[in-house]
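This is what each chain is made of:
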Amino acid sequence: MTKRQVNELKELFGEKFSVLPETLDRYSRDETSHLEAMPEAVVFAEETEDVSRLLRYCTDNKIPATPRGLGTGVSGGALPVKGGILLSLERMNRILEIDVENRMAVVQPGVITGELHKAVEEKGLFYPPDPASLESCSVGGNVMEGAGGPRAVKYGTTRDYVTGLEFVIPTGEVLRVGGKLRKNVTGYNLIGIMIASEGTLGVVTEITLRLLPLPAVRTDLLVPFESFQKATRTINEIHKTGIVPAVMEFMEHRALEIVEAYLDSKLPVPGAGAYLMIGLDGVDKETVQRDYEKVGEVCLENGAVDVFVAETSDMKQRLWKTRRSLHDALHHLSPEMEREDVVVPVARIEDLLKGVDGIRNGTKVEVVAFGHAGDGNVHVNLLRGKLDRETWKRERERVLDELFHLVVSLGGTLSGEHGIGVVKKQFMPLVTSDAERKLYKRLKQAFDPAGILNPGKII
Ligand SMILES: Cc1cc2nc3c(=O)[nH]c(=O)nc-3n(C[C@H](O)[C@H](O)[C@H](O)COP(=O)(O)OP(=O)(O)OC[C@H]3O[C@@H](n4cnc5c(N)ncnc54)[C@H](O)[C@@H]3O)c2cc1C
């Protein structure tokens, strides 16, 4: 950016514009390990008009603009890798409406996901998407990454709840599409195109979300198995009962060991090769109890060592704290790490984990797996630990290459919820055809003719 441009932007945005070194430094990182990129300036949007004016200015002056929610992304999506302006949406953080009659919420993009949960639950409603980062990520970031969480196995991901969007395209035009509508096939599905577009097509300034009635009863089970094979086979057997658990998470023993050491607290289960954490919910106690008894039976028939029912709220909280702390615990153990979130058809999870075991045995990198096994989305984490830089770099690349080839051979793909960003874009040719990537480029051109919005991401 030139001095003239800095002065013009100062004039346009006043205190919403910053070039202070400490501000630039703060916005040069997200939660992607080993990556940073310094913006030349930061703009804090407070209303849609700020976004529109900024994008128009950036298009006219060919300055890159990178949108950012709360910077918890793990694929580098919010990093201004081509410099230019970092556009923060964190001040647009109001819940505009909770419409109980229509079971809809209208929010600004910077609302913290966990705050939305609390607000709708106070009114007896339920917003299911629950990324483990829910206390620190934004709804706008969730929409732009298509975020999911443990409850996706029954309730789907963010994609399944967005019924309306207001967004600004790089020419500065403001579009309002959809609304408080549960059905809508009017025109092209622009909402579908925007979701998980990682801030490369437009900047979201308002979101309308479908809500559900809050389930009255929830129970969680923790089930240890001798081996991951037994645990993953059980997942398929549970699917066959016709009961749809709200949560079906998988944890290798090593993952539990790491998180227990981090929290300095142990769950009351025996050491085992793998664990399933199964959550069941419903309208009344009897139904939920019947379901969890049946699921417990299936687990025991398939080799579970035991079945622990978290009946007290204290035990439930401990279980969830353990699950939600996994990312932080791994990061604490190895600040440099690679968090992959590959996804395969649910019936191939066992093959995936077998393949991951093979990869683990052939490398010095520590590989720890856990995740949303109920929907085929497994987090495979590579920890640098004490490896020297050279070995880590070489092994990381090799392991990632092997992992992605394995996933593709199982009919899976690169990311179920974290997005492509900068960290996985070199692998896109593995899972997309030339024709598909050419169409992406034409689509990008239609939204962003000057190529200023979040350049360097996805393709
Ligand atoms: C400890 C931890 C646990 C996690 N667990 C999960 C999990 O369980 N499930 C899951 O899905 N993810 C998880 N994540 C990843 C991350 O929290 C999600 O991707 C989240 O959706 C990012 O939200 P954010 O507000 O931090 O977005 P940011 O990181 O700020 O941005 C993410 C992307 O969205 C774009 N963007 C943000 N806001 C807008 C907007 N208003 N308009 C246009 N583009 C925008 C950015 O340019 C960027 O490409 C986890 C991360 C951490 C650190």
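Residues numbered from 1 in each chain as written. Predicted model: local features only at pLDDT ≥ 70, side-chain atom pairs only at ≥ 80, totals over all residues.

(A) Spotlight on the overall build of the chain. Counting its secondary structure elements, the chain contains 16 helices and 18 strands. On C-alpha atoms alone, the chain measures out to a radius of gyration of 22 Å, which is about the 23 Å that the 2.2 N^0.38 rule sets for 459 residues. With respect to the three principal axes, the spread of C-alpha positions in the chain is 70 × 60 × 45 Å. A burial count over the chain gives 47% of its 459 residues as buried. (Helix = DSSP H or I, 4+ residues; strand = E, 2+ residues; numbered from the N terminus. Rg over C-alpha atoms; globule rule 2.2 N^0.38 Å. Buried ≥ 20, exposed ≤ 12 C-beta atoms within 10 Å, placed from the backbone.)

(B) Summary view of the domain arrangement of the chain. Domains assigned within the chain are domain 1 (1-214), domain 2 (217-326) and domain 3 (334-431). Taking only C-alpha atoms into account, the centre of domain 2 sits 24 Å from that of domain 3. Taken together, the contacts link 16 residues of domain 2 with 12 residues of domain 3. Secondary structure elements with two or more residues in the side of domain 2 that touches domain 3: α8 (228-240), β13 (247-252) and α9 (253-263). Take the side of domain 2 that touches domain 3: its biggest share by element is 6 residues, from α8. (Domains from an automatic or database assignment. Contact = placed C-beta atoms within 7 Å.)

(C) Summary view of the nonpolar core. Within the largest apolar cluster, 65 residues are counted, with the highest numbers of intra-cluster contacts made by Val223, Tyr275 and Ile278. Setting aside its immediate chain neighbours within four residues, isoleucine 278 contacts Leu221, Val223, Pro245, Val247, Met248 and Val295. Counting residues in each nonpolar core, the second largest holds 49 residues, with Leu9, Leu116, Ala196 and Val204 among its members. (Core = buried A, V, L, I, M, F, W, Y, C linked by C-beta atoms within 7 Å.)

(D) Representation of the sheet that holds strand β5 (residues 95-99) within the structure. The 5 strands are arranged β5-β6-β10-β8-β9 in an open sheet whose pairing can be described as antiparallel. Looking at which strands have only one partner, the edges of the open sheet turn out to be β5 and β9 (174-178). The mean inter-strand angle of the sheet, taken between neighbouring strand axes irrespective of direction, is 10°. Pairing of strand β8 (residues 162-168) with strand β10 (residues 203-210), which is carried by 6 bridges, proceeds in the antiparallel orientation. Of the residues in β10, the one forming a bridge with glycine 164 is threonine 208. (Pairing = 2+ DSSP bridges. Axes fitted to C-alpha atoms, helices over the stretch in contact; angles between N-to-C directions.)

(E) Spatial organisation of helix α4 (residues 113-121). Those residues of α4 that fall on the buried side of the exposure criterion are Thr113, Leu116 and Val120. Within α4, the buried residues cover an arc of 55° as seen down the axis, which keeps them to one side. Buried positions along α4 lie against β5, β6 (104-107), β7 (125-126) and α5 (139-145). (Arc of directions from axis to C-beta.)

(F) Molecular detail of the site of the ligand. Neighbouring the ligand are 37 residues, the closest being Gly69, Gly73, Gly77, Gly141 and Gly199. Secondary structure elements with two or more residues in the shell around the ligand: β3 (65-68), α5, β10 and α12 (326-333). Per-element accounting of the shell around the ligand gives the leading share, 5 residues, to α5. Class assignment of the residues belonging to the shell around the ligand gives a composition of 13 nonpolar, 17 polar and 7 charged. (Near = placed C-beta within 6 Å. Nonpolar A, V, L, I, M, F, W, Y, C, P; charged D, E, K, R; others polar.)

(G) Here's a closer look at the sheet that holds strand β12 (residues 217-225). One open sheet holds the 7 strands; their spatial order is β15-β12-β14-β13-β17-β18-β16, and the pairing between them is antiparallel. The open sheet has two edge strands with one neighbour each: β15 (308-310) and β16 (337-343). On average, adjacent strands in this sheet sit at an angle of 20° to one another, irrespective of strand direction. Looking at chain direction, β13 and strand β14 (residues 274-282) are connected through 6 bridges and run antiparallel. In the sheet register, glutamate 252 faces β14, and the bridge partner there is alanine 274.

(H) Representation of unusual backbone geometry. Within the chain, glutamate 198 stands out as a residue other than glycine whose phi angle is a positive 55°. Residue position: glutamate 198 is located in the loop between α7 (190-194) and β10. Note on glutamate 198: 22 C-beta atoms within 10 Å, which makes it buried.

(I) Highlighting the environment of lysine 180. With respect to the helices, strands and loops of the structure, lysine 180 is situated in the loop between β9 and α7. On the neighbour-count criterion, lysine 180 (17 C-beta atoms within 10 Å) is partly exposed. Along the sequence, lysine 180 and asparagine 102 sit 78 residues apart, while their C-alpha atoms lie 7.4 Å from each other. When residues no more than four places from it in sequence are discounted, the contact partners of lysine 180 are Asp99, Asn102, Met104, Thr163, Gly164 and Thr208.

(J) Molecular detail of the packing of α8 against helix α10 (residues 285-301). Their axes nearest at 9 Å, the elements α8 and α10 cross at an angle of 140°. The angle between α8 and α10 places the two elements in the oblique class. As α8 packs across α10, the resulting crossing turns out to be right-handed. Contacts between α8 and α10 involve Thr234, Glu237 and Ile238 from the first element and Val295, Val298 and Cys299 from the second. Residues that form the contact of α8 with α10 fall into these classes: 4 nonpolar, 1 polar and 1 charged. (Parallel < 35°, antiparallel > 145°, perpendicular 65-115°, else oblique. Left-handed = near helix turned anticlockwise from the far one by under 90°.)

(K) Molecular detail of the environment of phenylalanine 17. Mapping phenylalanine 17 onto the fold places it in strand β1 (residues 17-18). Counting along the chain gives 28 residues from phenylalanine 17 to alanine 45, while the straight-line C-alpha distance between them is 9.0 Å. Excluding anything up to four places from it in sequence, phenylalanine 17 contacts Leu9, Lys10, Ala41 and Val43.

(L) Structural detail: the pairing of β5. Pairing of β5 with β6, which is carried by 4 bridges, proceeds in the antiparallel orientation. Directly across from aspartate 99, in β6, lies its bridge partner methionine 104. Adjacent in sequence and paired antiparallel, β5 and β6 are bridged by 4 residues, among which arginine 103 carries a positive phi angle near 50°.

(M) How the structure looks around the packing of α9 against α12. Contact geometry of α9 with α12 gives a least axis separation of 9 Å together with a crossing angle of 80°. What the angle tells us is that α9 and α12 run roughly perpendicular. Across the interface between the two elements, Ala255, Ile258, Val259 and Tyr262 from α9 touch Leu326, Asp328, Ala329, Leu330, His332 and Leu333 from α12. Here the contact of α9 with α12 is composed, by residue class, of 8 nonpolar, 1 polar and 1 charged.

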